[in-house]
Amino acid sequence: YFQLGTHRALFEGEDADDEEEPPDLTPCTAAILLGIATVVTSFSTDFLIHAIKGTVSSWDVSQEFIGIILLPIIGNAAEHYTAIT
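A quick note: this is a predicted structure, and the numbers were derived from the prediction, not measured.

Description of the overall build of the protein chain
Looking only at helices and strands, the protein chain has four helices and zero strands in total. When the helices and strands of the protein chain are listed from N to C terminus, the series reads α-α-α-α. Taken over 85 residues, the protein chain has a buried fraction of 4%. Surface exposure of the protein chain reaches about 7800 Å², of which carbon and sulfur atoms provide 64%.

Next up, the structure:
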């Protein structure tokens, strides 16, 4: 609060007189999208858990190996791909 409230001029750009852009989403629309994303994430997580159970039984690997080794590698690969593109 101290920096943004009392030293506001230090953090303003040179074009401080320009109007701010209107938000892309209204608060209601953002809340609805957040709810939808939460529901989709929960279904995706449930699907992933069932897929891991099938993978453990068919590949004869432990759940710990999948959770500690495979999932982070796959998650980081997806994250790096989106950072590059």
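Quick notes on the confidence of the model for the protein chain
Mean pLDDT for the protein chain: 84, with 81% of residues reaching 70 or above. Confidence, read as mean pLDDT per element, is least for helix H1 (residues 2-6) in the protein chain (61) and greatest for helix H3 (residues 27-59) (92).

Observations regarding unusual backbone geometry
Positive phi outside glycine occurs at Asp60, with the angle close to 55 degrees. Note on Asp60: relative accessible area 69%, which makes it exposed.

Examining helix H4 (residues 63-84)
Taking 1.5 Å as the rise per residue, H4 with 22 residues should run 32 Å; its terminal C-alpha atoms sit 30 Å apart, in good agreement. At Leu70, H4 shows its largest bend, some 35 degrees, and a proline, Pro72, comes one to four positions later.

Observations concerning the packing of H3 against H4
The N-to-C vectors of H3 and H4 enclose an angle of 115 degrees; their axes lie 10 Å apart at closest approach. Here H3 and H4 pass one another in a crossing that is right-handed. Every residue of H4 that contacts H3 at Leu48, Ile52, Thr55, Val56 and Trp59 is listed here: Gln63, Ile66, Leu70 and Leu71.

Cut-off values and rules
- Residues numbered from 1 in each chain as written.
- Predicted model: local features only at pLDDT ≥ 70, side-chain atom pairs only at ≥ 80, totals over all residues.
- Heavy atoms only, no water.
- Helix = DSSP H or I, 4+ residues; strand = E, 2+ residues; numbered from the N terminus.
- Buried < 20%, exposed > 50% of the residue type's maximum accessible area, 1.4 Å probe, protein only.
- Areas by Shrake-Rupley, 256 points an atom, 1.4 Å probe, with all protein chains shown as cover.
- pLDDT = per-residue confidence, 0-100.
- Expected span 1.5 Å × (residues − 1).
- Bend = angle between axes of the 7 residues up to and from the residue.
- Axes fitted to C-alpha atoms, helices over the stretch in contact; angles between N-to-C directions.
- Left-handed = near helix turned anticlockwise from the far one by under 90°.
- Contact = heavy atoms within 4.5 Å.

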